[in-house]
Amino acid sequence: MRLSSQTFTRFSPSSYPNMTSGSNSLMWFRKGLRIHDNPALEYAAKNSTHVYPLFVIDPHYMKPDPTAFSPGSNLAGLNRIRFLLESLVDLDSNLKKLGSRLLVLHGEPGEVLIRCLKEWDIKRLCFEYDTDPYYQALDAKVQSYALESGIEIFSPVSHTLFNPADIIQKNGGTPPMNCLSFSKIAGEPHWLSSSLSTTPSVIPPVGDVGNCEISEVPTVKQLGYDDIQEDEPPVFKGGESEALRRLRESTNDKKWVATFEKPNTDPSAFIKPSTTMLSPYLKFGCLSSRYFYQCIKEIEKEFKNHTSPPVSLLGQFFWRDFFYTVGFGTPNFDRMRGNKICRQIPWNNDDELLAAWRDSRTGFPWIDAIMVQLRKWGWIHHLARHSVACFLTRGDLFIHWEKGRDVFERLLVDSDWAINNGNWLWLSCSAFFYQYHRIYSPITFGKKYDPTGAYIRHFLPVLKDMPKEYIYEPWTAPLSVQTKANCIIGKDYPKPIISHEIASKECKRKMAEAYDLNKKQNGIVSDEDLQNLRTRVEDQSQATVPRRLKQKLI
DNA sequence: TTGAGGTTGTCTAT
DNA sequence: ATAGACAACCTCAA
């Protein structure tokens, strides 16, 4: 496809009116770890003598954090870091096929980049536009240096289908607040009917790298992750090649693609998961969302009765762009305080309950099994995310969504700033979704997909011999049954940390009080108001939920 | 002001 | 499998 983006940031200093063929270009990779449909790379490859493809290993993202609750950096768990490194190895290999290679440097990306621009006498800097706050701040610094130095910048929008800024402008200055109005404003992407030719055939060679300390793509061990215990092979293999292979595999069954309905997919499917599992590849841009979109569009043409957004496979891309747009247009999107679209809710501060949830010790097998899958795979089904997010926040534990967001951010291979925050806002009924009476049951929700509990048995082997009558509520099994199943509740597997029946009622009442306050005060809730409300609802809660229901954790 | 619609709730009855 | 009760949130269009 000829996906030359019409929406891009470009500064062409007048001191360089003609791009001469004797110029050096730097292609800065961050996301967008691919050679297909990569407008920044394509632009760099044109009319340059030398192209320097660069990736900077950023300690902000990849420095090991020994104090964290699971191996990884303070931002990313090991599964995601490994995925990223594999993606870089694959990118290097794909670049080599085009006569180039990937240059890897270590350090603070802004500083490293500016050093490279000087050292390599770069006249043109190309990188994919990024809406995440971290890159917005970083890119502003780099751009201001480049402008002063007369370096041309080419920064196209190619991570998402649409340019979030365009959507916000079309909507009158604020982001659309639901998926339907987003779709109406967005329409069809302008590049939809562009032809399918995806990869540059050659990239000008890397020039002299001077004094820069170029390294190979490091291994996780070289980055300082020593104690890796691998009991199972990773579920994902990073990289563009694997992404395209999996895309072909996923789109092989055209009828499945055309009749996909997200809400009807099965969160308990683990032998053959019920969705494409391509999200990690989209997150890092190993797979172009626009290319994927075109592939689905082609398939839909063959089926008159194909499904439609928001539930169709194509619809999932609108959700992605929707969250990117709201995230871009909302100050403090990743926080409750200072976030205008976020209901102010007096969440509990209970680290004991939070740790139980995080470490699969809630005593609810459905919840605990999901959290095991999250740690092991770095991926869980969307509805599984709903189940555990609802349980942590408005459904049972009433703990702040930001705490759950941090855990997901760390453990998910596909964790994406806008989408992760957007979904936590959604699930906690803080924004977008407000029907807080609809609470996922930690017992019956999983049961309706998986009545025998195969999913639980797989991820929580301690319960593998528990009869199916008790697998979702093992504390109700008679002691003789527990003994026979080699699983004594309270010893081998925890008792439930709360009563779902009581806790969910309490949560509804607290949500009603919080909504009431937000409405009365028109969303302007001070720290003091919030603390007063917290004291009030907790006092009432003490009256109805005895402390002993928060049983000792194993 | 009113009413319809909102990707993915649960429980019971048919 | 599907329908209605439950108790009732929000936003947006008319």
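As named in an unreviewed UniProt entry, chain A is (6-4)DNA photolyase, taken from Helianthus annuus. A UniProt comment under Sequence similarities (unreviewed entry) is attached to chain A, and it reads "Belongs to the DNA photolyase class-1 family." In the Catalytic activity (unreviewed entry) part of its UniProt record, chain A is described as follows: "(6-4) photoproduct (in DNA) = 2 pyrimidine residues (in DNA)."

Participant: Just checking my understanding: could you explain the overall build of chain A for this structure?
Facilitator: Scanning chain A from terminus to terminus reveals 22 helices and six strands. The C-alpha radius of gyration computed for chain A amounts to 25 Å, which stays within 12% of the reference 24 Å derived for 554 residues, consistent with globular compactness. Along the first, second and third principal axes, the C-alpha atoms of chain A reach 80 × 55 × 55 Å. A sequence separation of at least 24 residues applies to 78% of the contacts in chain A between residues at least 6 apart. Within the structure as shown, chain A displays about 23,800 Å² of accessible surface, and the carbon and sulfur contribution to it stands at 52%. Separation between the mean location of the 68 positive side-chain charges and that of the 63 negative ones in chain A comes to 4 Å.

Participant: How should the protein's contact with DNA strand B be read in this particular structure?
Facilitator: Pro 263, Trp 319, His 382, Ser 441 and Thr 444 are the nearest of the 18 residues found near DNA strand B. In DNA strand B, atoms within 4 Å of the protein come 40% from sugar and phosphate. Here a base oxygen of DNA strand B sits 3.2 Å away from a polar atom, N or O, in the main chain of Pro 263. In the environment of DNA strand B, a phosphate oxygen lies 3.1 Å from a nitrogen or oxygen atom belonging to the side chain of Thr 444. Looking at the surface near DNA strand B, the elements that each hand over two or more residues are α12 (313–329), α15 (382–395) and α18 (444–449). Of the residues assigned to the surface near DNA strand B, the class counts are nine nonpolar, six polar and three charged.

Participant: Please clarify how the pairing of strand β5 (residues 122–127) should be interpreted in this entry.
Facilitator: The two faces of the sheet receive side chains in turn, since in a regular strand these alternate between them. In terms of burial, β5 is a largely internal element, six of the six residues being buried. Here strand β2 (residues 24–29) pairs with β5 via five bridges, running parallel. Bridge pairing in β5 places Asn 24 opposite Ile 122. Pairing geometry for β5 and strand β6 (residues 152–156), over three bridges, is parallel. Opposite Leu 125, over in β6, you have Ile 153 as the bridge partner.

Participant: Please clarify how the UniProt feature "domain: Photolyase/cryptochrome alpha/beta" (unreviewed entry) in chain A should be interpreted in this entry.
Facilitator: With numbering matched to this structure, UniProt assigns "domain: Photolyase/cryptochrome alpha/beta" (unreviewed entry) to residues 23–161. Regarding residues 23–161, the helix share stands at 42% and the strand share at 21%, and the terminal C-alpha atoms are separated by 31 Å.

Participant: Can you walk me through the UniProt feature "site: Electron transfer via tryptophanyl radical" (unreviewed entry) in chain A in this structure?
Facilitator: Here the UniProt feature "site: Electron transfer via tryptophanyl radical" (unreviewed entry) sits at Trp 347, Trp 401 and Trp 424. A maximum C-alpha distance of 13.6 Å is found for the annotated residues, which run over 78 residues; spatially they form one tight group. Classification of Trp 347 by relative accessible area gives buried; the value is 2%. Those residues in contact with Trp 347 that sit more than four places away from it in its chain are Met 336, Thr 393, Arg 394, Phe 398, Ile 399, His 400, Trp 401, Ser 428, Ser 430, Met 511 and Arg 534. Looking at the secondary structure, you find Trp 401 in helix α16 (residues 401–411). Its relative accessible area of 0% is what places Trp 401 among the buried residues. For Trp 401, the contacting residues outside a window of four places in its chain are Phe 333, Asp 334, Arg 335, Met 336, Cys 342, Trp 347, Thr 393, Asn 421, Trp 424, Leu 425, Ser 428 and Ser 430.

Participant: Sorry if this is basic, but what is going on with the state of the cysteines here?
Facilitator: A covalent bond between the sulfur atoms of two cysteines is what we call a disulfide. Across all of its chains, the model carries zero disulfides by this definition. Lacking any disulfide linkage, Cys 295 is separated from the closest cysteine sulfur, that of Cys 286, by 16 Å.

Participant: Would you mind showing me how to read the packing of aromatic side chains here?
Facilitator: Think of a pair of aromatic rings as described by two things: how far the centres are apart, and how the planes are tilted against each other in angle. For the structure on display, the rule yields 43 aromatic pairs. When the centroid spacing of 4.9 Å and the interplanar angle of 75° are considered together, the rings of Tyr 436 and Tyr 515 count as edge-to-face. With a gap of 79 residues between them, Tyr 436 in the loop between α17 (417–427) and α18 and Tyr 515 in helix α21 (residues 500–520) connect regions that are remote in the sequence. Each member of the pair, Tyr 436 as well as Tyr 515, is classed as buried.

Participant: Which parts of the structure should I look at to understand the protein's contact with DNA strand C?
Facilitator: If you check the shell around DNA strand C, you find Arg 343, Tyr 434, Gln 435, Tyr 436, His 437, Tyr 515 and Lys 519 and nothing else. In DNA strand C, atoms within 4 Å of the protein come 84% from sugar and phosphate. Within the side chain of Arg 343, one N or O atom sits 3.4 Å away from a sugar or linking oxygen of DNA strand C. Considered class by class, the residues forming the surface near DNA strand C number three nonpolar, two polar and two charged.

Participant: Would you take a moment to explain the environment of Gln 521 for this structure?
Facilitator: Residue placement: Gln 521 occurs in the loop between α21 and α22 (527–544). Taking C-alpha positions, Gln 521 is 39 Å from Lys 141, a pair spaced 380 residues apart along the chain.

Participant: Where do I start with helix α14 (residues 365–377) in this structure?
Facilitator: For an α-helix the count is 3.6 residues per turn, leaving residues at separations of three or four pointing the same way. Look at α14: 18 Å from first C-alpha to last across 13 residues, which is about the 18 Å you get at 1.5 Å a residue. Counting buried positions over the 13 residues of α14 gives eleven, a clear majority of the element.

Participant: I tried to follow the pattern of salt bridges on my own but got confused; where do I start?
Facilitator: When the charged atoms of two side chains lie near each other, side chains of opposite charge can form a pair. Applying the stated criterion across every chain yields a total of 33 salt bridges. Taking the shortest distance from any N to any O, the salt bridge between Glu 298 and Lys 301 comes out at 3.0 Å. Accessibility expressed as a relative area gives 64% for Lys 301, which makes it exposed. Glu 501 is the salt-bridge partner of Lys 505, the closest N and O atoms lying 4.0 Å from each other. One end of the pair is Lys 505 and the other is Glu 501, both in helix α21 and four residues apart, which spans about a single turn. In this structure, Lys 505 and Glu 501 share a single accessibility class: exposed. Residues joined by salt bridges that share partners form a network here, namely Glu 242, Arg 245, Arg 246 and Glu 249.

Definitions and cut-offs
Residues numbered from 1 in each chain as written. Chains lettered and ligands numbered in written order. Predicted model: local features only at pLDDT ≥ 70, side-chain atom pairs only at ≥ 80, totals over all residues. Heavy atoms only, no water. UniProt positions renumbered as here; feature names shortened; annotations may be inferred. Helix = DSSP H or I, 4+ residues; strand = E, 2+ residues; numbered from the N terminus. Rg over C-alpha atoms; globule rule 2.2 N^0.38 Å. Contact = heavy atoms within 4.5 Å. Areas by Shrake-Rupley, 256 points an atom, 1.4 Å probe, with all protein chains shown as cover. Lys, Arg positive; Asp, Glu negative; His and termini not counted. Charge placed at Lys NZ, Arg CZ, Asp CG, Glu CD. Near = heavy atom within 4 Å. Polar contact = N/O pair within 3.5 Å; in protein donor to acceptor, adjacent residues only side chain to side chain. Nonpolar A, V, L, I, M, F, W, Y, C, P; charged D, E, K, R; others polar. Buried < 20%, exposed > 50% of the residue type's maximum accessible area, 1.4 Å probe, protein only. Pairing = 2+ DSSP bridges. Disulfide = S-S within 2.5 Å. Phe/Tyr/Trp six-rings, centres within 6.5 Å; stacked < 30°, edge-to-face > 60°. Expected span 1.5 Å × (residues − 1). Salt bridge = Lys/Arg side-chain N within 4 Å of Asp/Glu carboxyl O.

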